[in-house]
Amino acid sequence: DIVLCDMGCELYCYASDITNSFPANGQFSADQKLIFETVAAMQAAVLSAMKPKVAWADMHELAYRVMCEHLEAAGLLLGDVDEMMKANVGGVL
């Protein structure tokens, strides 16, 4: 079992949201760890690339690319990551 925390707040018309998860028993299974680490890598990549004048769509595409790379490396996706990006595989997942 996984505990999913989807939290948000709003103050003076500014909103923020964060989602995180952790294993209910305190230890990730191999599948849970793969997904947790993939999402963490997506977030880290976007945070590292974020700066003024970088488009939201570019950050979204970066997150999808990192996801496809991780899932391909783990054998869950097969094929070329560039082709996955063209086919919007990240958007389907």
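Counting of residues starts from 1 at the beginning of each chain's written sequence and follows it residue by residue. Given that the model is predicted, a residue must reach a pLDDT of at least 70 before its local features are reported, and side-chain atom pairs must reach 80 or more before they are shown or counted; all residues, however, enter totals for whole chains, interfaces and linings. As a rule here, side-chain values cover all heavy atoms of the structure and leave hydrogens and water aside.

## As for the nonpolar core
(1) Moving on: By nonpolar core we mean a set of buried residues, namely Ala, Val, Leu, Ile, Met, Phe, Trp, Tyr and Cys, connected to one another through side-chain atoms within 4.5 Å. Remark: exposure states derive from per-residue accessible area (1.4 Å probe, protein chains only) relative to the maximum for the residue type, with buried under 20%, exposed over 50%, and partly exposed in between. Core analysis: the biggest nonpolar cluster contains 13 residues, and M42, C68 and L77 have the highest contact counts within it.
(2) Moving on: Helix and strand assignments follow DSSP, with helices taken as H or I runs no shorter than four residues and strands as E runs no shorter than two, numbered in order from the N terminus. At the level of secondary structure, the elements contributing two or more residues to this core comprise α1 (30–49), α2 (56–73) and α3 (81–86).
(3) Moving on: Per-element tally for this core: the top contributor is α2, with six residues.
(4) Moving on: When neighbours within four sequence positions are excluded, L77 is seen to be in contact with C68, L71, E72, M84, V89 and L93. Note on contacts: a residue pair is in contact if any heavy atoms of the two residues lie within 4.5 Å.

## Some thoughts on unusual backbone geometry
(1) Moving on: Here the phi dihedral of C13 falls at roughly 70°; this positive angle occurs in a residue that is not glycine.
(2) Moving on: When you line up the elements, C13 lands in the loop between β1 (2–11) and β2 (14–23).
(3) Moving on: Relative accessible area serves as the criterion here: at 76%, C13 is assigned to the exposed category.
(4) Moving on: Positive phi, normally seen in glycine, also occurs at K53, with a value near 70°.
(5) Moving on: If you trace the backbone, K53 turns up in the loop between α1 and α2.

## Focus on α1
(1) Moving on: Each helix should span, by expectation, one fewer than its residue count multiplied by 1.5 Å. Between its first and last C-alpha, α1 extends 29 Å over 20 residues, near the 28 Å set by a 1.5 Å rise per residue.
(2) Moving on: Here α1 has its buried residues at T38, M42, A45 and V46. Along α1, the residues classed as buried sweep out an arc of 95° about the axis, all on the same side. Turned more than 90 degrees from where α1 packs its buried face, A30, L47 and S48 sit exposed.
(3) Moving on: At its buried positions, α1 is contacted by α2. The directions from the helix axis to the C-beta atoms are what the arc is built from.

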